[in-house]
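# Structural features, examined
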Amino acid sequence: MPAPSGSPLLPRIRLLATGGTIAGAQPSAGGPGYKAAVFSAEALIAAVPQLTDRAEIEIEQVAAIGSQDMDTATWRKLAQRTQAAVDDPRISGVVVTHGTDTLEETAFFLNLVVRTGKPVVLVGAMRPATAISADGPMNLYNAVAVATHPDSADRGVLVVANDEVHFAREVAKTNTTQVGTFRATHRGLAGIVNSGRLHLYAPPVRRHTAASEFAPLAPAPLPRVDIVYAYAGMGRELLDAAVQTGAGGLVIAGVGEGNLGAEAVQAAAAAARKGVAVVRSSRTGGGVVERNIEVDDDGLGFIAADELNPQKSRVLLMLGLTRSRDPLELQAMFLSY
Ligand code: GLU
């Protein structure tokens, strides 16, 4: 039987709110257009009274933005507040409300920089809070259920949406508008959650949270890393511009297995010779980028992204560059995380 509301027997969750569509409002219900981050976290919780049977929820508003405006300063603040929450012995787990556009990047960042075995769960919604059949309330309810469940411990940062549980490393937004946007293209779901009933499957692959060398987040500034998208007929201009304007690292969203045309390869090789880290990822949305297949990574000093998509490669490279500029040491990180 659930404990009564306010019972000290209920697990205590810290909800860190950052905005997003889950807190968004439309000018008229069901109509086009909306503004993210309108409703407070208190209003989101109040819309799901069933949460009072699940957890004591402490609310902290960390930001109030659409996640297209997420940046490294806000990541740092969010990482610090998440670390403070999990270090508090009264707190069982953390839920972060977040816009879906860059949710996978924030989830992977926290997965690498928060030192904990406690559950940390990111949740978003595709429909604004005022929409017909808004998905936010059930997503939030499920996120709290996952964050309070003992089986969620030691699995790294998790993402909950559309009755699914995803690993931070695996998940990607794959659709502009549909509620089933989050997919894990490489090895599927972490689990499912039906009206708060959790079923978890395989454990995560690769190092995370308590086993991450980047956790807890160090004060060292994160270098600028740019993503350059490859295409047929790509020249060298954007790569050269990134280096000339101070990028410390480049991630190529390469064609196929992280490929880029000959002129772009020359520009990337020149960047690597100047000490700029160059990671080859893929624009395909799935699969491994291996070393030395069609590109001479050994000779040119490049790094292959393994399975990480360009935006997650950028997150790891930013953190990796705080430790090393050596391409082979950075390569080892891409095979570990
Ligand atoms: N641009 C918004 C955001 O990322 C919309 C995406 C969403 O939250 O669903 O915050």
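To keep things clear, this report deals only with the structure shown in the data block. (Residues numbered from 1 in each chain as written. Predicted model: local features only at pLDDT ≥ 70, side-chain atom pairs only at ≥ 80, totals over all residues. Heavy atoms only, no water.)

## Quick notes on the overall build of the chain
Per the secondary structure count, the chain includes nine helices and 14 strands. For the chain, the C-alpha radius of gyration of 20 Å lies close to 20 Å, the compact-globule estimate for 337 residues. Principal-axis analysis of the C-alpha atoms gives the chain an extent of 65 × 45 × 35 Å. Residues classed as buried in the chain amount to 54% of the 337 residues present. (Helix = DSSP H or I, 4+ residues; strand = E, 2+ residues; numbered from the N terminus. Rg over C-alpha atoms; globule rule 2.2 N^0.38 Å. Buried < 20%, exposed > 50% of the residue type's maximum accessible area, 1.4 Å probe, protein only.)

## Re the packing of aromatic side chains
The final tally for this structure, using the stated rule, is two aromatic pairs. With a centroid separation of 4.9 Å and an interplanar angle of 15°, the aromatic rings of Trp75 and Phe109 are classed as stacked. Placement of Trp75 in helix α2 (residues 72-87) and of Phe109 in helix α3 (residues 103-113) is noted, with a sequence separation of 34 residues between them. Look at Trp75 and you get buried, because its relative accessible area is 3%. Each ring, one from Phe214 and one from Tyr337, has its centre 5.3 Å from the other, and the planes form 45°; the classification is tilted. With Phe214 in the loop between β10 (197-200) and β11 (225-229) and Tyr337 in the segment after α9 (327-334), the pair connects residues that are 123 residues apart, well separated along the chain. (Phe/Tyr/Trp six-rings, centres within 6.5 Å; stacked < 30°, edge-to-face > 60°.)

## A short note on the site of the ligand
In the vicinity of the ligand, the contacting residues are Gly20, Thr21, Tyr34, Gly66, Ser67, Gln68, Gly99, Thr100, Asp101, Ala125 and Met126. Within the side chain of Ser67, one N or O atom sits 2.5 Å away from an oxygen atom of the ligand. Gln68 is positioned such that a nitrogen or oxygen atom in its side chain is 2.8 Å from a nitrogen atom of the ligand. Coverage of the ligand by the protein amounts to 94% of the 280 Å² it exposes when considered alone. The residue inventory of the shell around the ligand, partitioned by class, reads three nonpolar, seven polar and one charged. (Near = heavy atom within 4 Å. Polar contact = N/O pair within 3.5 Å; in protein donor to acceptor, adjacent residues only side chain to side chain. Areas by Shrake-Rupley, 256 points an atom, 1.4 Å probe, with all protein chains shown as cover. Nonpolar A, V, L, I, M, F, W, Y, C, P; charged D, E, K, R; others polar.)

## Re the packing of helix α8 (residues 310-320) against α9
Running from N to C, α8 and α9 point in directions that differ by 130°, and their axes come no closer than 10 Å. Judged on the interaxial angle alone, α9 and α8 are oblique. In this structure, α8 crosses over α9, and the sense of that crossing is right-handed. Facing Ser313, Leu316, Leu317 and Gly320 of α8, the residues of α9 in contact are Leu330, Met333 and Phe334. Taken together, the residues that form the contact of α8 with α9 break down as five nonpolar, two polar and no charged. (Axes fitted to C-alpha atoms, helices over the stretch in contact; angles between N-to-C directions. Parallel < 35°, antiparallel > 145°, perpendicular 65-115°, else oblique. Left-handed = near helix turned anticlockwise from the far one by under 90°. Contact = heavy atoms within 4.5 Å.)

## Some remarks on the environment of Val38
Looking at the secondary structure, you find Val38 in the loop between β1 (12-19) and α1 (41-46). Here Val38 falls in the partly exposed class, since its relative accessible area comes to 43%. Distance in space between the C-alpha atoms of Val38 and Pro128 is 9.6 Å, their sequence separation being 90 residues.

## Brief notes about the environment of Trp75
Separated by 30 residues in sequence, Trp75 and Glu105 place their C-alpha atoms 9.7 Å apart. Discounting residues that sit within four places of it in the chain, Trp75 has contacts with Met70, Glu105, Thr106, Phe109, Arg314, Val315 and Met318. Looking at Trp75, its side chain comes within polar contact range of the side chain of Thr106, at 2.8 Å.

## Side note on the pairing of strand β6 (residues 164-167)
In regular strands, side chains alternate between the two faces of the sheet. Strand direction decides the pairing type here: strand β5 (residues 158-161) and β6, joined by four bridges, are antiparallel. Note on β6: the bridge partner recorded for Val159 is His166. What sits between the antiparallel neighbours β5 and β6 is a turn of two residues, in which Asn162 has the positive phi angle 55°. The pairing of β6 with strand β9 (residues 191-194) spans two bridges and is classified as antiparallel. Following the sheet pairing, Val165 is matched in β9 by Gly191. (Pairing = 2+ DSSP bridges.)

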